[in-house]
Amino acid sequence: DAKTTQPPSMDCAEGRAANLPCNHSTISGNEYVYWYRQIHSQGPQYIIHGLKNNETNEMASLIITEDRKSSTLILPHATLRDTAVYYCIVRVARSGGSNYKLTFGKGTLLTVNP
Amino acid sequence: GAVVSQHPSWVICKSGTSVKIECRSLDFQATTMFWYRQFPKQSLMLMATSNEGSKATYEQGVEKDKFLINHASLTLSTLTVTSAHPEDSSFYICSARSSSGGGHTQYFGPGTRLTVL
């Protein structure tokens, strides 16, 4: 079972920042937070992951609260091509039982409007 | 970046036939590959996990004799849907985990849409 909670949908204006929240209140100390997105009829695309520090790459920023019970994915300047379902997943980094798997929940459908 | 390819991208077959889907990691070696299935308007469901040279581990409820997985090399895994039926029509997606860099990231293929008539 997915151990994260995300809003089912969000809207964002093109050019504005999109902030996608995720609750993971039962996260374990050795579990990372991963974000993927899936554009319609395509395979999921890796975005970013983190353990406890904030992370930034060319696609997005990941802000993890100090207690690690929630995080926010930030797309700084959303474009129409960012319209997709965004999945927040918690998982241990290395193989070790069932919690190593990427288990997808329902995610958040982000719609970027012109 | 890491690229995972799938072939074919779509396939239509008659009921009772078998269909093979290939998954390749193009620019990295994948010790572990995963197969997912996604029905319309639903999320991805993990079917099985395979390690190179080993038998696949199937999720509960997935018939191993129906969905044959072969992970013969570090860059290739195949999923064969045997005796396909209309209820097997779905979007099949493979994923590969790199064996380098701590193995953090799974990369996904573009998916294969299977339609069984």
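These numbers were taken from a predicted model, which means no experiment stands behind them. (Residues numbered from 1 in each chain as written. Chains lettered and ligands numbered in written order. Predicted model: local features only at pLDDT ≥ 70, side-chain atom pairs only at ≥ 80, totals over all residues. Heavy atoms only, no water.)

Undergrad: Help me get a handle on the state of the cysteines, residues and values and all.
TA: Within the structure shown, the criterion is met by two disulfides over all chains. Across the disulfide from cysteine 22 of chain A sits cysteine 88 of chain A; the S-S distance is 2.1 Å. Residues cysteine 22 of chain A and cysteine 88 of chain A share a disulfide whose torsion about the S-S bond is about -80°; that sign makes it left-handed. Of this pair, cysteine 22 of chain A sits in strand S2 (residues 18–23) while cysteine 88 of chain A sits in strand S8 (residues 84–92), placing them 66 residues apart in sequence. The burial state of cysteine 22 of chain A is the same as that of cysteine 88 of chain A; both residues are buried. Disulfide partner of cysteine 23 of chain B: cysteine 94 of chain B, at an S-S distance of 2.0 Å. Its S-S torsion of about 75° marks the bond between cysteine 23 of chain B and cysteine 94 of chain B as right-handed, since a negative value means left-handed. With cysteine 23 of chain B in strand S3 (residues 19–25) and cysteine 94 of chain B in strand S9 (residues 90–98), this residue pair connects regions lying 71 residues apart in the sequence. The same class applies to cysteine 23 of chain B as to cysteine 94 of chain B, namely buried. (Disulfide = S-S within 2.5 Å. Helix = DSSP H or I, 4+ residues; strand = E, 2+ residues; numbered from the N terminus. Buried < 20%, exposed > 50% of the residue type's maximum accessible area, 1.4 Å probe, protein only.)

Undergrad: Report on unusual backbone geometry, specifying residues and quantitative values.
TA: Residues and elements named next belong to chain B. Cis geometry is adopted by the peptide bond preceding proline 8, which originates at histidine 7 and carries an omega value of 0°. You can see proline 8 is positioned in the loop between strand S1 (4–7) and strand S2 (10–13). Within the chain, lysine 41 stands out as a residue other than glycine whose phi angle is a positive 65°. Its location among the elements puts lysine 41 in the loop between strand S4 (30–38) and strand S5 (45–51). Among the residues examined, lysine 41 registers a relative accessible area of 90% and is labelled exposed. For serine 83, which is not a glycine, the phi torsion comes out positive at approximately 45°. Owing to a relative accessible area of 34%, serine 83 belongs among the partly exposed residues under this scheme.

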